[in-house]
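Given next are the chains, with one letter for each unit.
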Amino acid sequence: MRCLLIVLDSVGVGHTPDAGDYGDAGANTLGHLLATTGLRLPALWSLGLGRIMGTDGTPAAASWGRMRPRSAGKDSTTGHWEIAGVELAQPFAVFEHFPPELVQAIEAEANVHFLGNLPASGTQIIAELGGEHCRTRRPILYTSADSVLQIAAHEIVVPVERLMEICTIARRHADRWRIGRVIARPFIGQEGDFHRTPRRHDFAMRPPLTILDALAGAGLPVRAVGKTADLFAGQGITESWPTASNADGMRRIEAVWEATREGLVFANLVDFDTEYGHRRDAPGYARALEEFDRWLAGFLPACTGQDLLIITADHGNDPTFRGTDHTREEVPLILRQAGRPLPLGTSDGFADVAATIAAYFGIGPWPIGRSLLP
């Protein structure tokens with residue numbers, strides 16, 4: 001028995017009822033892309049995405065529905081944890097500027113002195129402070145609207161191994177402040193032409209027990225592709241393959257899936273979010289979705305009727321919306337397995353995925369969520 005869970009990072013399908021509390025009323029990542037870019041996704045449409053969006057009533061080859069987040073927050077860690085069966089009543093902490101007590105503790109242990117400590121986009125901050133960083137060798141500290149503490153450094157000025165060491169220290173101190181992720185952001189280039197490299201690494205808080213722990217505890221392999229393992233601090237993961245791009249991730253999914261005889265393959269495709277959502281690049285986002293759709297059309301025959309395929313997302317990031325941050329949205333849910341495709345409605349929580357996986361592998365009911373299998 002095999003399950004493939006693919007998270008299309010940030011591909012939301014419309015604002016949640018509480019989106020106004022987050023300043024996101026009116027956001028609709030996929031809906032606005034469809035309306036403004038001429039986006040066409042025939043493979044996903046055949047699986048029911050058109051029905052999810054309310055634009056197509058033709059028969060679907062998979063069960064289809066939506067999921068509404070229950071956890072507080074709209075970041076990748078929160079979304080992935082809820083997909084894996086953990087609901088957060090208290091959101092991770094968000095800061096405009098990190099408290100001196102936290103910054104000084106990291107600086108003292110890591111023997112560094114930071115530049116920045118302000119909210120900014122990753123491309124903006126290295127353009128503004130990259131030159132000073134190269135002259136002073138001081139790492140750049142910044143954040144965003146999410147619960148993230150990000151540290152950027154030029155790979156020649158601060159070698160990647162040293163940056164990871166600094167971030168490991170920062171992670172220990174960030175736990176006390178309930179910061180969801182510490183992110184290492186290496187970059188290269190010259191002043192006026194700095195750009196980030198694929199050697200990003202996320203240092204997440206350790207989650208409570210998830211469906212990944214339950215599967216691994218039952219002796220089933222849990223294979224992670226992309227940044228999945230980072231978001232769970234490696235907990236419950238038996239093997240991991242980081243990736244440099246969506247294209248790399250899709251190639252890796254194919255290889256790992258072919259080598260998997262049982263267990264879970266849990267993949268995250270992050271380019272939708274990092275390369276196009278945050279940069280408010282709607283045409284680029286649409287192209288990336290069409291590339292995934294073409295890949296999916298060729299990949300689907302590798303999933304047999306007994307396999308369980310789940311395609312979903314973790315939050316929104318509407319590239320047509322104001323700002324450059326995530327948007328509080330419902331996410332699509334496509335579930336393909338033997339049996340008659342069914343309308344799944346709107347799930348009250350992402351944990352229905354964890355409950356469905358638990359039921360599929362016969363490891364007992366999950367404490368929250370409901371199985372969506374017939």
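Structure: above.
All values derive from a computational prediction rather than experimental measurement.

Novice: Quick rundown of the packing of helix H10 (residues 246–259) against helix H12 (residues 282–299)? Include the residues and the values.
Specialist: Where H10 contacts H12, the axes come no closer than 11 Å and their chain directions differ by 15 degrees. Between H10 and H12, the angle is such that the two are roughly parallel. H12 is crossed by H10, and the crossing has right-handed handedness. Between H10 and H12, the residues in contact are Asn246, Met250, Ile253, Glu254 and Trp257 and Ala288, Glu291, Phe292, Trp295 and Phe299, respectively. Here the residues of the contact of H10 with H12 are counted per class, giving 7 nonpolar, 1 polar and 2 charged.

Novice: Describe in detail the packing of aromatic side chains, supporting the description with residues and values.
Specialist: Counting across every chain of the model gives 9 aromatic pairs. For the pair Phe95 and Phe98, a centre-to-centre distance of 5.6 Å together with 50 degrees between the ring planes defines the contact as tilted. Like Phe98, Phe95 is buried. Ring geometry for Phe232 versus Phe266: centroids 5.9 Å apart, planes at 55 degrees, classification tilted. Separated by 34 residues along the polypeptide, Phe232 in the loop between helix H9 (228–231) and strand E10 (239–241) and Phe266 in strand E11 (residues 263–269) bring together distant segments of the chain. Of the two residues, Phe232 and Phe266, neither departs from the other in class, the shared state being buried. Clustering of aromatic rings is evident, with ring pairs tying together Phe95, Phe98 and Trp177. Over the face of the ring belonging to Trp257 we find Arg2, whose NZ or CZ atom lies 4.0 Å from the ring centre.

Novice: Can you lay out the nonpolar core for me, pointing to particular residues and giving the numbers?
Specialist: In terms of nonpolar packing, the biggest core is built from 82 residues, with Phe292 and Ile357 touching the most fellow members. Non-local contacts of Phe292, meaning those with residues more than four positions away in its chain, are made with Ile6, Leu8, Leu44, Met250, Leu269 and Phe272. Among the nonpolar cores identified, the runner-up in size contains 26 residues, and Ala153, Ile166, Cys167 and Phe203 belong to it.

Novice: Lay out helix H6 (residues 122–136) in plain terms, naming residues and giving numbers.
Specialist: Leu129 marks the point of greatest bend in H6, at about 55 degrees. Among all positions in H6, only Gly122, Ile125, Ile126, Leu129, Gly130, Gly131 and His133 are buried. Among the structural elements, strand E3 (115–119), strand E4 (140–143), strand E5 (148–154), strand E6 (181–190) and strand E7 (193–196) are those in contact with the buried residues of H6. Backbone geometry just downstream of H6 places Arg137 in the positive-phi region, at approximately 70 degrees.

Rules of the game
- Residues numbered from 1 in each chain as written.
- Predicted model: local features only at pLDDT ≥ 70, side-chain atom pairs only at ≥ 80, totals over all residues.
- Heavy atoms only, no water.
- Axes fitted to C-alpha atoms, helices over the stretch in contact; angles between N-to-C directions.
- Helix = DSSP H or I, 4+ residues; strand = E, 2+ residues; numbered from the N terminus.
- Parallel < 35°, antiparallel > 145°, perpendicular 65-115°, else oblique.
- Left-handed = near helix turned anticlockwise from the far one by under 90°.
- Contact = heavy atoms within 4.5 Å.
- Nonpolar A, V, L, I, M, F, W, Y, C, P; charged D, E, K, R; others polar.
- Phe/Tyr/Trp six-rings, centres within 6.5 Å; stacked < 30°, edge-to-face > 60°.
- Buried < 20%, exposed > 50% of the residue type's maximum accessible area, 1.4 Å probe, protein only.
- Lys NZ or Arg CZ within 6 Å of the ring centre and 35° of its normal.
- Core = buried A, V, L, I, M, F, W, Y, C linked by side-chain atoms within 4.5 Å.
- Bend = angle between axes of the 7 residues up to and from the residue.

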